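Each chain is listed here by its residues.
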Amino acid sequence: RTAIEVASQPGTWREALALHASGLRGLPGAGERVAVIGCGTSWFMAQSYAALREQAGQGETDAFTATEFPAGRPYDRIVTISRSGTTTEIIDLLAGSAAPSVLITAVAGGPAAASADHEIVLDFADEESVVQTRFATTALLLLRASVVGAGALDTLPEAAEAALTHDLPQAWVDADQITFLGTGWTIGLAHEAALKMRESSQFWTESYPAMEYRHGPISIAQPGRLVWVFGPTPAGLADDVTATGATLVASDLDPLAHLVLLHRLAVARAEARGLDADTPRNLTRSVIL
Ligand code: F1P
């Protein structure tokens, strides 16, 4: 299922852009102070959206995993992301929140939605796989459109198509470790990429804000390992990486489409190791406490 869901992303991204164009209620207006909340993959998408919104000057935006939300801090709006709408920490957070809230989910009318003021349902991006791919990217694309306008993202479905046919070198599939890096909004993508590899292919990964790489993580760099950068590579970093013999993976693709390429690598690595990418051990579709 994961491979099919990965390949469907150009279509679900088109649907998200169309949904955005149709007008959505509940998303933050400019100047509002916003908290964005999710667990697991959804937390990393929250981080990316928060950075995008602040970078666009639309207001202070803080991302939290649900249990770390600072109770009592005043926010104008709570944006929650949960594919299932059944994650316990999200249900509890929404039930206890006084600020206007919106839930972005794949399943209408779930228990989290019962306490949200607005619900945005991306049912066309729901997934059978435990591992999230298209729901996460589609939700982030929708939120990104709400920040920069859908017109600026018109070419993204084509970028996802390019990612689906992009070369996937065997050396990447055989790499013995990968560290993912990002800057600004792509830091959330780096964390998500690292989680994806761990979930679907039981593979050792790490992730950092790009310039943090120089402050310790570079110690493990060596031939046979990859350093994968989402978005622009900061000046000087590429030279530092190549000096260690590690392979730098950077791309001209839009960073969100670059994540689609990583999804393919996660599936390829799972297959190469005889694992079922759809069903990571010790994990369920929704974590209910
Ligand atoms: C969050 C989550 C996912 C994880 C797995 C289990 O779910 O922790 O991040 O990959 O699918 O659930 P949700 O709140 O977005 O449904």
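Further up the page is the structure itself.
Residues numbered from 1 in each chain as written. Predicted model: local features only at pLDDT ≥ 70, side-chain atom pairs only at ≥ 80, totals over all residues.

Draft legend 1. Representation of the site of the ligand within the structure. In the region of the ligand, 17 residues are neighbours, and Gly40, Thr41, Ser82, Ser84 and Thr87 sit closest. Residues that form the shell around the ligand fall into these classes: six nonpolar, eight polar and three charged. (Near = placed C-beta within 6 Å. Nonpolar A, V, L, I, M, F, W, Y, C, P; charged D, E, K, R; others polar.)

Draft legend 2. Focus on the sheet that holds strand 4 (residues 101-105). In space, the five strands of this open sheet follow the order 2-1-3-4-5, with parallel pairing throughout. Taken across any chain shown, the strands that pair with only one partner, and hence form the sheet edges, are strand 2 (61-65) and strand 5 (118-121). The sheet shows a mean angle of 20 degrees between the axes of neighbouring strands, taken without regard to direction. Relative to strand 2, strand 1 (residues 34-38) is paired through five bridges, and the arrangement is parallel. Residue pairing for strand 2: Ile37 is matched across the bridge by Phe64. (Pairing = 2+ DSSP bridges. Helix = DSSP H or I, 4+ residues; strand = E, 2+ residues; numbered from the N terminus. Axes fitted to C-alpha atoms, helices over the stretch in contact; angles between N-to-C directions.)

Draft legend 3. Inspection of helix 8 (residues 186-201) at higher detail. In a regular helix each residue adds 1.5 Å, so 16 residues correspond to 22 Å; helix 8 covers 22 Å between its end C-alpha atoms and thus fits that length. Where burial is concerned, most of helix 8 is hidden: 15 out of the 16 residues are buried. Taken from the residues just after helix 8, Gln202 is the one with a positive phi, measuring 50 degrees. (Expected span 1.5 Å × (residues − 1). Buried ≥ 20, exposed ≤ 12 C-beta atoms within 10 Å, placed from the backbone.)

Draft legend 4. Summary view of the environment of Ile4. Mapped onto the secondary structure, Ile4 falls in helix 1 (residues 2-7). In the structure, Ile4 is positioned 124 residues away from Glu128 in sequence and 10.0 Å away in space, judged by C-alpha atoms.

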